[in-house]
Amino acid sequence: MSASKCLRCLVRPSPTTLPVSVPQHVPKNIAPFSTTGAKAGQNPKPAPSVPKNPNALQPYRSGKKMTLSKFKKNKVIDRGKAPLPGERKAWRKRISLSNDNALPVPWLTQMRPGDMADSGNVAKVFSLPAGLQDQLRACEAFKPTQSWNMFRTPSVLVRNETVDVMGRMQQAAGENKTARLVLTGDKFTGKSLMLLQAMAHAYLNEWIVIHVPDAQELTTASTEYAPIPGTDPVQYMQPNYVLKLIQNFRKANEAVLSKTYTATAHPELPQNITVNTPLLNLCQTAKEPEGAWVVFRALWNELMAKNVPRPPILFTLDGLAHIMKMSDYRSPSFELIHSHDLAFVRHFTELLAGNTSFPGGGAVIAATSRSNAPRVPSMELVLAQREAEQAPRGAAEVPQPDPFFRGYDKRVESVLRSVDVVRVNGASKPEARSLMEYWAASGLLRDTVDEKLVTEKWALGGNGVLGEMERAALMTMRI
Ligand SMILES: Nc1ncnc2c1ncn2[C@@H]1O[C@H](COP(=O)(O)OP(=O)(O)OP(=O)(O)O)[C@@H](O)[C@H]1O
């Protein structure tokens, strides 16, 4: 393009319209050349202004900038109040145990202490008494994934497996032994609910209950940890987790703990605890994470004290696979810590392995999960082997380890080597029918419950998988 053309308007400038430009490098307040000393000091007169031709070629752009968003207003987006720390998690984990829109079921009876161990009650639905609901809520036995929020009162179906598990618990307590059980089975068959039933049975029969609602909280490095001085190999405590556990434990077991007394004095605790103090007072000394581990140790020693009257104890844990592998914690040398080196987890695994037992008898029950669980080949293999060994002679072949696989964990095998495996299957048709009649009486199932409907929903639910049946029959009613 020709340099003599105006770049903005394409008008050819004439020599007369060109502005007289002052060279930019000459400072304005410097005196022009002069012949006298007097003139030399005077300020120069301003140069006569040249009228501006808007079409003339400008050396520099001046004036307004063109802004494209001139007529746009800045929108103020109101995002509301930001949720406080922990608020989202609390919302996600909230449990509602009642639905006022569901009908009360007139024929429903409240659960009594012996109901779940009685084989005559198989395929019957029982409601949980209000006091028991509080205890189960305190120890976080209800899960947000279960369908409690659909019914008027929380109720459970007694199944064959329920009677079996409760029978083993009763027998162990009667013989001052500790039953060691692992509940396994397909997804949504009701393993967590079986744990809840075991806890309900224990509370109604005045046992002491310790419950770990989700084992992954212990091993995913989401809670503080510290090495315990004087342990070899080093074990780690988790003071914050243990504090929360003691507080829930105290709320849930208040009645029994106030009737159980200390066997020794505990001067090491934040408050001095003397002999014959209720265990409830001992639990109340756990107020800060700093002293929580010492309180837990004292409480554990008391629960395991021999030669003093102790009620049966139930220790339950949901999500077994999470504690049967390396944890996400690291040692000071940055090596992964095995879950069994976490001291709290070790208390559980020692019981499950049969190395320790409760003095007044009881049970230790772990449930596997299919929804949220890492793959642990050692655990899967040992549980399959145990199941085959327990089957009637020759009914199942005992699985063998893969000779080319190097990932088996000896520590896991030694813990699970002698446990009893209980498989939770789909419900039978009479059990399914009873539950569906309860759904219909609650106003959640509109169809008439007959043989045809039961068979249809039972088949749709993968041969009586209760969670799947709920989906098939009540999915439109989910809140
Ligand atoms: N005995 C029962 N009485 C009433 N409802 C039951 C019973 N057993 C299971 N259910 C229902 O089935 C659903 C699945 O139960 P649960 O959460 O115990 O399954 P799960 O086997 O632990 O599943 P996952 O393998 O995913 O952990 C729940 O909504 C629960 O209400």
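Bear in mind the structure is a predicted one, so any value in this text is a computation, not a measurement. (Residues numbered from 1 in each chain as written. Predicted model: local features only at pLDDT ≥ 70, side-chain atom pairs only at ≥ 80, totals over all residues. Heavy atoms only, no water.)

### Comments concerning the site of the ligand
Thinking step 1. Neighbouring the ligand are 19 residues, the closest being K191, S192, L193, S371 and E470.
Thinking step 2. At a separation of 2.7 Å, an oxygen atom of the ligand approaches a polar side-chain atom of S192.
Thinking step 3. In this structure, an oxygen atom belonging to the ligand sits 2.9 Å away from a main-chain N or O atom of R370.
Thinking step 4. Summarising the interface, the protein chains cover 95% of the accessible area of the ligand, which totals 630 Å² for the free molecule.
Thinking step 5. When contributions to the shell around the ligand are tallied by element, the ones reaching two or more residues are β3 (155-158), α5 (191-204) and α16 (466-474).
Thinking step 6. For the shell around the ligand, the leading source of residues is α5, giving four residues.
Thinking step 7. When the residues that make up the shell around the ligand are grouped by side-chain class, the tally is five nonpolar, nine polar and five charged.
Thinking step 8. Shared between two domains, the shell around the ligand takes at least three residues from each, and those domains are domain 1 (171-422) and domain 2 (426-474). (Near = heavy atom within 4 Å. Polar contact = N/O pair within 3.5 Å; in protein donor to acceptor, adjacent residues only side chain to side chain. Areas by Shrake-Rupley, 256 points an atom, 1.4 Å probe, with all protein chains shown as cover. Helix = DSSP H or I, 4+ residues; strand = E, 2+ residues; numbered from the N terminus. Nonpolar A, V, L, I, M, F, W, Y, C, P; charged D, E, K, R; others polar. Domains from an automatic or database assignment.)

### What about the nonpolar core?
Thinking step 1. Among the nonpolar cores identified, the biggest contains 62 residues, and F315, L320, M324, F344 and L416 are the most heavily contacted of them.
Thinking step 2. Residue contributions to this core peak at eight residues, all from helix α10 (residues 289-303).
Thinking step 3. With near-sequence residues (within four places) excluded, F344 lies in contact with V212, L218, Q238, Y241, V242, L245, W293, F296 and F315.
Thinking step 4. One finds V163, A172, L195 and V422 within the second-largest nonpolar core, a separate group that totals 40 residues. (Core = buried A, V, L, I, M, F, W, Y, C linked by side-chain atoms within 4.5 Å. Buried < 20%, exposed > 50% of the residue type's maximum accessible area, 1.4 Å probe, protein only. Contact = heavy atoms within 4.5 Å.)

### Considerations on the sheet that holds strand β2 (residues 124-127)
Thinking step 1. Pairing in this open sheet of three strands is mixed, and the strands run β1-β2-β3 from one edge to the other. A strand with exactly one partner marks an edge of an open sheet, and here the two such strands are β1 (109-110) and β3.
Thinking step 2. With four bridges connecting them, β2 and β3 associate as antiparallel partners. If you follow F126 over to β3, its bridge partner there is V156. (Pairing = 2+ DSSP bridges.)

### Describing the side chain of S192
Thinking step 1. Relative to the helices and strands, S192 resides in helix α5.
Thinking step 2. For S192, a relative accessible area of 15% corresponds to the buried category.
Thinking step 3. Of the polar contacts made by the side chain of S192, one reaches the side chain of D318; its length is 2.9 Å.
Thinking step 4. Non-local contacts of S192, meaning those with residues more than four positions away in its chain, are made with K143, Q146 and D318.

### Overview of the environment of T223
Thinking step 1. Among the structural elements, T223 can be located in the loop between α6 (216-219) and β6 (226-227).
Thinking step 2. It is 18 Å that separates the C-alpha atoms of T223 and E87, two residues lying 136 residues apart in sequence.
Thinking step 3. Apart from the residues lying within four places of it in its own chain, the contact partners of T223 are E217, Q238, N240, Y241 and Y329.

### A word on the pattern of salt bridges
Thinking step 1. Under the definition given, this model contains 22 salt bridges.
Thinking step 2. Across the pair K244 and E140 runs a salt bridge, and its minimum N-O distance is 3.7 Å. Taken together, the residues K244 in helix α7 (residues 239-252) and E140 in the loop between α3 (130-138) and β3 connect sequence positions 104 residues apart.
Thinking step 3. For E140, a relative accessible area of 27% translates into the label partly exposed.
Thinking step 4. Across the pair R417 and E389 runs a salt bridge whose closest N-O atoms are separated by 3.1 Å. Residue R417 is located in the loop between α13 (410-416) and β12 (420-424), and its partner E389 is located in helix α12 (residues 377-390); the two are separated by 28 residues in the primary sequence.
Thinking step 5. The class of R417 is partly exposed, set by a relative accessible area of 35%.
Thinking step 6. With relative accessibility at 39%, the residue E389 sits in the partly exposed group. (Salt bridge = Lys/Arg side-chain N within 4 Å of Asp/Glu carboxyl O.)

### Points about the sheet that holds strand β11 (residues 362-367)
Thinking step 1. Overall, parallel pairing links the five strands, which are arranged β5-β8-β11-β4-β12 in an open sheet. The sheet is open, and its two borders are formed by β5 (208-212) and β12, each paired with just one other strand. Shown here is a sheet whose adjacent strand axes are inclined to one another by a mean of 20°, direction ignored.
Thinking step 2. Examined bridge by bridge, strand β8 (residues 313-318) and β11 share six bridges and lie parallel to one another. Bridge pairing in β11 links T316 to I365.
Thinking step 3. Strands in contact with α5 are β4 (178-185), β5, β8, β11 and β12; relative to β8, the strand with the most contacts, it is inclined by about 160°. (Axes fitted to C-alpha atoms, helices over the stretch in contact; angles between N-to-C directions.)

### As for the domain arrangement of the protein
Thinking step 1. Partitioning the protein into structural domains gives domain 1 (171-422) and domain 2 (426-474).
Thinking step 2. Look at where the C-alpha atoms of domain 1 and domain 2 centre, and you get two points 35 Å apart.

### Examining the pairing of β11
Thinking step 1. With respect to burial, β11 is a largely interior element, six of its six residues being buried.
Thinking step 2. Along β11, one buried face is formed by G362, V364 and A366 and the opposite face, lined by A363, I365 and A367, is buried too.
Thinking step 3. Two strands pair when backbone bridges link them, and β4 and β11 are joined in this way by six bridges, in the parallel orientation. By the bridge assignment for β11, V182 is matched with A366.

### Quick look at α5
Thinking step 1. Its 14 residues place the ends of α5 20 Å apart at the C-alpha level, agreeing with the 20 Å of an ideal helix rising 1.5 Å per residue.
Thinking step 2. Across the 14 residues that make up α5, a large majority, twelve, are buried.
Thinking step 3. One or two steps after α5, the chain reaches E206, where phi turns positive at roughly 60°. (Expected span 1.5 Å × (residues − 1).)

### What about unusual backbone geometry?
Thinking step 1. Here the bond from D232 into P233 is cis, since omega is -5°, no more than 30 degrees from zero.
Thinking step 2. Note that P233 resides in the loop between β6 and β7 (236-237).
Thinking step 3. Within the chain, A221 stands out as a residue other than glycine whose phi angle is a positive 60°.
Thinking step 4. Mapped onto the elements of the fold, A221 is located in the loop between α6 and β6.
Thinking step 5. We note that N276 has phi near 65°; this positive angle belongs to a residue other than glycine.

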